[in-house]
Amino acid sequence: MVIEGAAADPKIAGNSEFPVNKGALCIKGWTAAGTLNHPERLRSPLMRDADGRLAPVSWDAAMTRIVSEFKRTQEDYGADAVGVFGGGSLTNEKSYLLGKFARVALGTANIDYNGRFCMSSAAAASIKAFGIDRGLPFPVEDIAGSEAILLVGSNASETMPPIMQYFDTQRANGGRLIVADPRLTTTAQRADLHLRLTPGTDAALANGIMHILVRDGLIDTDYIEAHTEGFASVRATVSTYWPERVERITGVSEANLIQAARMLGEARTAIVLTARGAEQQAQGVNNTLSFINIALALGLVGKPNSGYGCLTGQGNGQGGREHGQKADQLPGYRKIDDPAAREHVASVWGIDPDTLPAPGKSAYELLDSLGQEGGVRSLLVLGSNVVVSAPNAVHVERRLRSLDFLVVSDFFLSETAELADVVLPSAQWAEEDGTMTNLEGRVIMRKWAFEPPDGIRDDMQVICELAERLGKGEHFSYGSTEEVFKELGRASAGGPADYSGISYAKIEANDGVFWPCPDEGHAGTPRMFTQGFATANGKAQFHAVRHQQPADPPNSKFPLYLTTGRLMAQYQSGTQTRRVAELVEMSPEATVEVHPTTARLYGLLNGGRSRISTRRGDAEFKVSVTANIREDTLFVPFHWGGIRAANRLTNATLDPTSRMPKFKVCGAMIEAMG
Ligand SMILES: Nc1nc2c(c(=O)[nH]1)N[C@H]1C(S)=C(S)[C@@H](COP(=O)(O)OP(=O)(O)OC[C@H]3O[C@@H](n4cnc5c(=O)[nH]c(N)nc54)[C@H](O)[C@@H]3O)O[C@H]1N2
Ligand SMILES: Nc1nc2c(c(=O)[nH]1)N[C@H]1C(S)=C(S)[C@@H](COP(=O)(O)OP(=O)(O)OC[C@H]3O[C@@H](n4cnc5c(=O)[nH]c(N)nc54)[C@H](O)[C@@H]3O)O[C@H]1N2
Ligand SMILES: [Mo]
């Protein structure tokens, strides 16, 4: 992205020289400048006054209050009673500092972030199968060169428009695209084959495809023998997923299953990609593993224009999950319960490893603990709007209200900030330096372009000042973001996500650098797994997976499947995009997609109002009748708050390994409203 013009009237353009997006921006990129000078932007810290209203106060007053509340909570309830909730939109430097702030300045175990709602299932699956998690372990151009692609639960044409040029080139070169989604999305409309599966049946679909690959001799037995372990139990498991059974579970016809297996199995190069559709499930890790099994059985992983990858979501979705804002993690993607990792990071931080906390609570479990016995009593939220984006949001809001003290840092008064005792205004992307790591694992620069408006401080300043006021200033004294990055590099040295050979100068000279990059002379690693895997014995691991019924299936009272996701013109909890006129015009309100047959059955009119209810509660949506969705399924976007919030409906059952909530499927009822 290139920014021109004065701070008062910035102009944004794509950078056609940049290798990843080649100048393409999505609609949200083109309109992003609209949030920089927005009249509703926060310009001063706010504190709740005696009447319960949020009123402007000085930075000193806000910081003094935060520190005294945090200290009081910790004196009364122990160090872990103060919690931190971060976000995947923060730069690498800020993610790293926030993790260090929690462990060193607060000494709390309880830090987690919104990436738990986003990337955690794919990350856990990649670590199980390959020993390491980098969203795409190959450069994004490989997509264009692949003969066949299976894209599972991704609506990339709306959620990642700049990446679609690679799919278009792939198709123009004669490649085949298969999309698995309960909806005929704009992405699926570009596919050669659309598998319109029942929500929550991804593992059955994958096992069904694998059954046919094995039956028809399309697997690569030499590769399986040389580079993997555990195939025998997968073969045994998928033997019971014969096509008629899989058709019954998934609703995908036997003919389509065979077609998909042939397209993948007969291609010389192929890529399997997953996104939130398959991952945001109570068995999201297993779903992802079942698709990784296909990539391994076909001998794809580690070869050019081939392999498995996950399409990472947020701006810094990849970097945000590497540097320690995760409850169980230290920088460099190290585990906080690994003694060697603790030793290494403690030595970089100049502290005693025994003072490092243990693993803390995962995102939803942290929110669920707020104000409870043994839970978090004071919370700092920096980079997330959990009132809108967390599952079972009515409950989460109630928990937030029960806190002793809540501080939220944001650009705007988000729904979460509205509940805070103290609100801190933060600098936006164009007003601070820092690095991000994109979906390919490429570390790139995001350059400072403007001074933030008067009264606003950037997160790095705020985190370091809070640390100083907590008596830990010696560990948080940095002259620049580059100094933070250098320390991050040292902390990551020898870990899975090794940044120690990356510098700002190297990033700028090379259009970014792919990690791992373990020393200065190293050029980075665009393609992983060419020499084996990051597992203990160097082999990739198969995992036998079974289809499980969703925990909260449709029944006579809640007869439909409800699934949730995104729209092109809105971003996440909508804090930014609901404030941009062009985007509001494109997507003015929350709508539910309903099939015409279902609409007739429930008396719903296109454009009319409806109420959806689930076992958690109800929410209201405008009806959009479309034949592009399964008859048994409703789709709602989660970009709105209040009574239009999809997460009033969603189920917070967590995946046992990743602790990812089940955003993508629950039983629901819909009725027309007068
Ligand atoms: N415009 C826009 N772009 C965005 C974002 C945004 O909010 N707005 N957010 C960014 C972020 S953080 C992320 S994580 C990415 C997410 O990007 P995507 O993963 O593409 O987004 P979703 O819309 O959540 O889900 C994708 C698809 O999953 C399908 N799906 C639902 N249930 C199932 C199921 O059971 N199985 C399968 N196979 N598919 C299912 C939905 O119909 C939907 O089309 O987008 C990023 N880009
Ligand atoms: N039902 C349902 N719910 C979902 C999903 C779904 O598919 N369905 N998807 C989940 C996924 S994948 C994700 S990623 C989450 C996202 O949901 P959230 O975590 O709520 O993400 P955002 O809306 O991006 O919220 C970020 C907030 O922090 C602010 N912010 C952004 N950058 C910064 C910064 O650098 N500093 C500070 N101080 N503030 C900043 C923004 O203004 C915004 O208010 O939602 C999850 N929730
Ligand atoms: Mo996400």
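What counts, and where the lines are drawn
- Residues numbered from 1 in each chain as written.
- Chains lettered and ligands numbered in written order.
- Predicted model: local features only at pLDDT ≥ 70, side-chain atom pairs only at ≥ 80, totals over all residues.
- Heavy atoms only, no water.
- Domains from an automatic or database assignment.
- Salt bridge = Lys/Arg side-chain N within 4 Å of Asp/Glu carboxyl O.
- Polar contact = N/O pair within 3.5 Å; in protein donor to acceptor, adjacent residues only side chain to side chain.
- Helix = DSSP H or I, 4+ residues; strand = E, 2+ residues; numbered from the N terminus.
- Nonpolar A, V, L, I, M, F, W, Y, C, P; charged D, E, K, R; others polar.
- Buried < 20%, exposed > 50% of the residue type's maximum accessible area, 1.4 Å probe, protein only.
- Contact = heavy atoms within 4.5 Å.
- Pairing = 2+ DSSP bridges.
- UniProt positions renumbered as here; feature names shortened; annotations may be inferred.
- Arc of directions from axis to C-beta.
- Near = heavy atom within 4 Å.
- Areas by Shrake-Rupley, 256 points an atom, 1.4 Å probe, with all protein chains shown as cover.
- Phe/Tyr/Trp six-rings, centres within 6.5 Å; stacked < 30°, edge-to-face > 60°.
- Core = buried A, V, L, I, M, F, W, Y, C linked by side-chain atoms within 4.5 Å.
- Lys, Arg positive; Asp, Glu negative; His and termini not counted.

Let's talk about the domain arrangement of the protein
(1) Moving on: Its domain assignment divides the protein into domain 1 (42-117 + 316-514), domain 2 (120-310) and domain 3 (560-673).
(2) Moving on: The straight-line distance from the C-alpha centre of domain 2 to that of domain 3 is 26 Å.
(3) Moving on: The interface formed by domain 2 and domain 3 includes one salt bridge.
(4) Moving on: Between R183 and E593 there is a salt bridge, and its shortest N-O distance comes to 3.1 Å.
(5) Moving on: Where domain 2 touches domain 3, the interface holds 13 residue pairs in polar contact (both at pLDDT 80 or more).
(6) Moving on: Listing elements by their share of the side of domain 2 that touches domain 3, those giving two or more residues are α4 (120-130), α6 (156-159), α13 (276-279) and α14 (284-297).
(7) Moving on: By residue number, the principal contributor to the side of domain 2 that touches domain 3 is α4, which donates four residues.
(8) Moving on: Its residues placed into classes, the side of domain 2 that touches domain 3 shows eight nonpolar, 14 polar and six charged.

Notes on the side chain of T274
(1) Moving on: Following the sequence through the fold, T274 ends up in strand β11 (residues 270-274).
(2) Moving on: A relative accessible area of 0% places T274 in the buried class.
(3) Moving on: The contact partners of T274, leaving out residues within four places of it in the chain, are V152, E279, T288, F291, Y308, G309, C310 and L311.

Topic: the environment of S503
(1) Moving on: Mapped onto the secondary structure, S503 falls in the loop between α20 (481-492) and α21 (504-509).
(2) Moving on: A distance of 3.1 Å separates a polar atom in the side chain of S503 from the backbone nitrogen of K506.

What about the pairing of strand β26 (residues 633-637)?
(1) Moving on: Most of β26 sits inside the fold, with five of its five residues counted as buried.
(2) Moving on: Judged by which residues are buried, β26 turns out to be covered on both faces: T633, F635 and P637 on one side and L634 and V636 on the other are all buried.
(3) Moving on: Judged from the five bridges that link them, strand β22 (residues 560-565) and β26 form a sheet pairing that is parallel. By the bridge assignment for β26, Y561 is matched with T633.

Quick notes on the UniProt feature "domain: Molybdopterin oxidoreductase" (unreviewed entry) in the protein
(1) Moving on: Feature annotation in UniProt assigns "domain: Molybdopterin oxidoreductase" (unreviewed entry) to the following positions: residues 41-469.
(2) Moving on: Counting secondary structure, residues 41-469 comes out at 40% helix and 15% strand; the distance between its end C-alpha atoms is 27 Å.

Describing helix α15 (residues 339-349)
(1) Moving on: Taken as a whole, α15 has its buried residues at A341, R342, V345, A346 and W349. Looking straight down α15, one finds its buried side chains confined to an arc of 120°; they lie on one side. Among the exposed residues of α15, those oriented more than 90 degrees off its buried face are P339, A340, E343 and S347.
(2) Moving on: Elements that come into contact with the buried residues of α15 comprise α3 (92-106), β13 (329-330), β14 (334-335) and α20.
(3) Moving on: Its side-chain oxygen 3.0 Å from the backbone nitrogen of A340, D338 forms the N-cap of α15.
(4) Moving on: Once α15 ends, the next one or two residues include G350, with phi positive near 70°.

Brief notes about the site of ligand 2
(1) Moving on: Surrounding ligand 2, one finds 30 residues, the nearest of these being N114, S384, S389, D410 and S573.
(2) Moving on: The side chain of S389 places a nitrogen or oxygen atom 2.7 Å from an oxygen atom of ligand 2.
(3) Moving on: Between ligand 2 and D410, the relevant distance is 2.5 Å, taken from an oxygen atom to a side-chain nitrogen or oxygen of the residue.
(4) Moving on: A total of 920 Å² of accessible area belongs to ligand 2 in isolation, and the protein chains cover 98% of it.
(5) Moving on: Of the residues contributing to the shell around ligand 2, the split by class is seven nonpolar, 18 polar and five charged.
(6) Moving on: For the shell around ligand 2, the two domains that each supply at least three residues are domain 1 (42-117 + 316-514) and domain 3 (560-673).

Here's the deal with the packing of aromatic side chains
(1) Moving on: What the rule picks out here adds up to twelve aromatic pairs.
(2) Moving on: Plain terms: the ring middles of F485 and Y504 are 5.3 Å apart, the flat faces sit at 50° to each other, and that makes the pair tilted. Highlighted residues: F485 in helix α20 and Y504 in helix α21, separated in sequence by 19 residues.
(3) Moving on: Residue classification places F485 among the buried residues on the basis of a relative accessible area of 1%.
(4) Moving on: Judged by relative accessible area, Y504 falls into the buried class, the value being 7%.

Focus: the site of ligand 1
(1) Moving on: By nearness alone, 34 residues border ligand 1, and T159, D181, R566, Q570 and Q572 come closest of all.
(2) Moving on: In the model, a nitrogen atom of ligand 1 is placed 2.7 Å from a nitrogen or oxygen of the T159 main chain.
(3) Moving on: Residue L567 places a main-chain N or O atom 2.8 Å away from a nitrogen atom belonging to ligand 1.
(4) Moving on: Starting from 910 Å² of accessible surface for ligand 1 in isolation, the protein chains cover 99%.
(5) Moving on: For the shell around ligand 1, the secondary structure elements donating two or more residues are α6, α13 and β22.
(6) Moving on: Of the residues in the shell around ligand 1, the class split is eleven nonpolar, 15 polar and eight charged.

Some thoughts on the nonpolar core
(1) Moving on: If you look at the biggest cluster of nonpolar residues, it comprises 121 residues, and the most contacted ones within it are F101, F130 and I209.
(2) Moving on: When residues in this core are grouped by element, the largest group, nine residues, is from helix α8 (residues 202-215).
(3) Moving on: The two domains that each donate at least three residues to this core are domain 1 (42-117 + 316-514) and domain 2 (120-310).
(4) Moving on: Not counting residues up to four positions away in its chain, the partners in contact with I209 are L150, L195, L257, A260, A261, L264 and I294.
(5) Moving on: In terms of nonpolar packing, the next biggest core, distinct from the first, is built from 28 residues, L46, F117, V387 and V396 among them.

Topic: the UniProt feature "domain: Molybdopterin dinucleotide-binding" (unreviewed entry) in the protein
(1) Moving on: In this structure's numbering, the residues bearing the UniProt feature "domain: Molybdopterin dinucleotide-binding" (unreviewed entry) are residues 560-666.
(2) Moving on: For residues 560-666, helix accounts for 11% and strand for 33%, while the C-alpha atoms at its two ends are 8 Å apart.

Observations concerning the sheet that holds strand β19 (residues 442-446)
Sheets are built from strands paired through backbone hydrogen bonds, the pairs being either parallel or antiparallel.
(1) Moving on: Judged by pairing direction, the sheet is antiparallel, and its three strands sit side by side in the order β18-β19-β20 without closing on themselves. Each of the sheet's edge strands pairs with one partner strand only, and the pair in question is β18 (434-437) and β20 (513-514).
(2) Moving on: The pairing of β19 with β20 spans two bridges and is classified as antiparallel. Among the inter-strand pairings, R442 is bridged to a residue of β20, identified as F514.

Focus: the side chain of R103
(1) Moving on: Structurally, R103 can be placed in helix α3.
(2) Moving on: For the buried R103, no salt bridge is present, and the opposite-charge side chain at shortest range is D328, 6.5 Å distant.
(3) Moving on: At a separation of 3.0 Å, a polar atom in the side chain of R103 contacts the main-chain carbonyl oxygen of Q329.

Observations regarding helix α18 (residues 393-401)
(1) Moving on: Those residues of α18 that fall on the buried side of the exposure criterion are A393, H395, V396, R399 and L400. On an axial view of α18, the arc spanned by its buried residues comes to 155°, and they lie on one face. Exposed and oriented more than 90 degrees from the buried face of α18 are R398 and R401.
(2) Moving on: Contact partners of the buried residues in α18: α16 (363-369), β15 (378-382), α17 (386-389) and β16 (405-410).

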